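Summary of structural features
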Amino acid sequence: MATIKDIAKNLGLSTSTVSRALNGSKSISDKTKEEVNAEAKRLHFTMNSMARSLISNKSYTIALFVDADNEQAFQNPYFYEETHGIENFAYKNGYSLLVANVKTAQKGQDMIDFITKSKRADGIILPSNILTDELAKRLKEENVPFVSIGQPGSLDSSVSWIDIDNFKGAQAATLCLIKEGKKHLAFLGLNKKNLFSNRRLEGFQSALAANNMKAEDDLIIACGKTKEDGYTEMNRLLKSHPDIDGILCGDELISIGVLRALNEAGKKIPDDIALISFDSAQIAELSYPSVTTIDVDVFQLGYQCARLLFDLMSDPNAKDQGILVSTGIQYRETTSENLRGTAQ
């Protein structure tokens, strides 16, 4: 089995230079790093992970924290695509991904405290609903690089975060409905506790205002995120507003219930009522009729989240920043036929 000494001997370098080159030290030139890595590859050299950690004082692991009690998060296909994107970037940079339940206690410590203080991860990623002022302050004081998936609400500390551009996504979808000639639009699925849901509502309202249309309060519907919620609220809307002709859904599961209610009411989709929904393309394609969706490359969301974390890990003085990932519209059967098969 090849060793660092073998690489050093073959290249006429010291073992310390080879070690620093393999660990990406900034004190080593790019040319030397390339030579060392090429020779390591030729010799099929693999550095022992424990030795690597001891030499560099790094764990070569990043941690993704989740709330295992939040069943909806695990049922959402987005979670797995996000995780795949994070792991892909980590792997390309020689790191492993650790997924941990934030609710687990370890040796009398909460899991975040245990992992950060025991140096089991060089940086952490956590969803915005877990991030509190107290936690953000603690991580800052301990110089732990971290990124929030989802734009946090009002925090005293500045933090780095990445999120879907919910405002522009909702705005573009609403403009699409208006261009189809729809005049009585409803927003279904508001959750005032979630910042992303409020951003979607703001995008909806902005598009209406730009076209001299008013967002009626009784056409902005707060409800849960299940098929049953969508079904119940759509039936109520049809009774109270029989002239409704366009729906923007805040969640794909809601849209399934909406479609059921519309089909039972004998509505022709999209002629009588057009529908666009946020989130999962997989579910949208399986529904009948297939749902036009506001899509986002969730893999890229996770990938860019990991990139942002690595920037913070490599430069402790880096400024916090927020990144919005753009969306597109995938046209299907719940919007007019001439738009189907195209993407915006």
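Above this note sits the structure.
I will try to describe carefully the structure that is included in this document.

Looking at the overall build of the protein chain
- Tallying secondary structure elements over the protein chain gives 14 helices and 14 strands in all.
- Relative to all contacts within the protein chain whose residues are 6 or more apart in sequence, the contacts with residues 24 or more apart total 67%.
- Looking at the protein chain as shown, the accessible area adds up to about 17,800 Å², and 48% of this sits on carbon and sulfur atoms.

Description of the pattern of salt bridges
- Evaluated as defined, the whole model comprises 11 salt bridges.
- Between lysine 31 and glutamate 35 there is a salt bridge, with its nearest N and O atoms 2.7 Å apart. Remark: glutamate 35 and lysine 31 occur in helix H3 (residues 30–42); sequence separation between them is 4 residues, near one turn of the helix.
- Overall, lysine 31 belongs to the exposed group, its relative accessible area being 56%.
- In this structure glutamate 35 comes out as partly exposed when scored by relative accessible area, which is 35%.
- Between lysine 117 and aspartate 113 there is a salt bridge, with the nearest N and O atoms lying 3.4 Å from each other. You can see lysine 117 and its partner aspartate 113 sitting in helix H7 (residues 111–117), 4 residues apart, about one turn around the helix.

Comments concerning the sheet that holds strand S9 (residues 220–222)
- Spatially, S9-S8-S10-S11-S12-S14 is the arrangement adopted by the 6 strands of the open sheet, whose pairing is mixed. Whereas interior strands pair on both sides, the edge strands pair on one side only; in this sheet they are S9 and strand S14 (328–330). The mean inter-strand angle of the sheet, taken between neighbouring strand axes irrespective of direction, is 20°.
- When strand S10 (residues 246–249) meets strand S11 (residues 274–278), the two strands line up parallel, connected through 4 bridges. Residue pairing for S11: glycine 246 is matched across the bridge by alanine 274.
- Helix-sheet contacts for helix H11 (residues 227–240) involve strand S8 (185–190), S9 and S10, and the interaxial angle to S8 is about 150°.

Some remarks on the pairing of strand S6 (residues 146–149)
- In S6, alternate side chains face the same way, and those of Phe146 and Ser148 on one face and Val147 and Ile149 on the other are all buried.
- With respect to chirality, the unit in which strand S5 (residues 123–127) leads through helix H8 (residues 133–141) into the neighbouring parallel S6 is right-handed.
- Of the strand pairs in this sheet, S6 and strand S7 (residues 160–164) are connected by 3 bridges, and their pairing is parallel. Across the sheet, valine 147 pairs through a bridge with serine 160, a residue of S7.

Some details on the environment of methionine 111
- Position of methionine 111 among the secondary structure elements: in helix H7.
- Distance in space between the C-alpha atoms of methionine 111 and asparagine 101 is 7.2 Å, their sequence separation being 10 residues.

Observations concerning the packing of aromatic side chains
- In this structure the tally under the stated criterion is 7 aromatic pairs.
- Relative to phenylalanine 310, the ring of phenylalanine 89 has its centre 5.2 Å away and its plane inclined at 75°; by these criteria the two rings are edge-to-face. On the criterion of sequence distance, the pair formed by phenylalanine 89 in helix H6 (residues 77–92) and phenylalanine 310 in helix H14 (residues 298–314) is long-range, its members being 221 residues apart. Both residues of the pair, phenylalanine 89 and phenylalanine 310, count as buried.
- A centroid spacing of 4.9 Å and a plane angle of 75° characterise the contact between tyrosine 95 and phenylalanine 310, whose relative ring orientation is edge-to-face.

Here we look at helix H2 (residues 15–22)
- Considered for burial, the residues of H2 that qualify are Thr17, Val18, Ser19, Ala21 and Leu22.
- Glycine 24 sits one or two residues past H2 and shows a positive phi near 75°.

A closer look at the pairing of strand S1 (residues 61–66)
- With 6 of 6 residues buried, S1 is to be regarded as a mostly interior element.
- Every second residue of S1 is oriented toward a common face, with Thr61, Ala63 and Phe65 on one face and Ile62, Leu64 and Val66 on the other, all of them buried.
- In terms of strand pairing, S1 meets S5 through 3 bridges, oriented parallel. Among the inter-strand pairings, isoleucine 62 is bridged to a residue of S5, identified as glycine 123.

What to know about unusual backbone geometry
- Here isoleucine 269 and proline 270 are connected by a cis peptide whose omega angle stands at 10°.
- Considering the arrangement of structural elements, one finds proline 270 in the loop between helix H12 (252–264) and S11.
- Phi angles above zero are rare outside glycine, and lysine 119 is one such case at about 60°.
- Tracing the chain through its elements places lysine 119 in the loop between H7 and S5.
- Under the relative-accessibility criterion, lysine 119 is labelled exposed at 63%.
- With a phi angle near 55°, asparagine 212 is a residue other than glycine that sits in the positive phi range.
- Here asparagine 212 is to be found in the loop between helix H10 (195–210) and S9.
- With relative accessibility at 75%, the residue asparagine 212 sits in the exposed group.

What counts and what doesn't
Residues numbered from 1 in each chain as written. Predicted model: local features only at pLDDT ≥ 70, side-chain atom pairs only at ≥ 80, totals over all residues. Heavy atoms only, no water. Helix = DSSP H or I, 4+ residues; strand = E, 2+ residues; numbered from the N terminus. Contact = heavy atoms within 4.5 Å. Areas by Shrake-Rupley, 256 points an atom, 1.4 Å probe, with all protein chains shown as cover. Salt bridge = Lys/Arg side-chain N within 4 Å of Asp/Glu carboxyl O. Buried < 20%, exposed > 50% of the residue type's maximum accessible area, 1.4 Å probe, protein only. Pairing = 2+ DSSP bridges. Axes fitted to C-alpha atoms, helices over the stretch in contact; angles between N-to-C directions. Right-handed = clockwise from strand over helix to strand, strands pointing away. Phe/Tyr/Trp six-rings, centres within 6.5 Å; stacked < 30°, edge-to-face > 60°.

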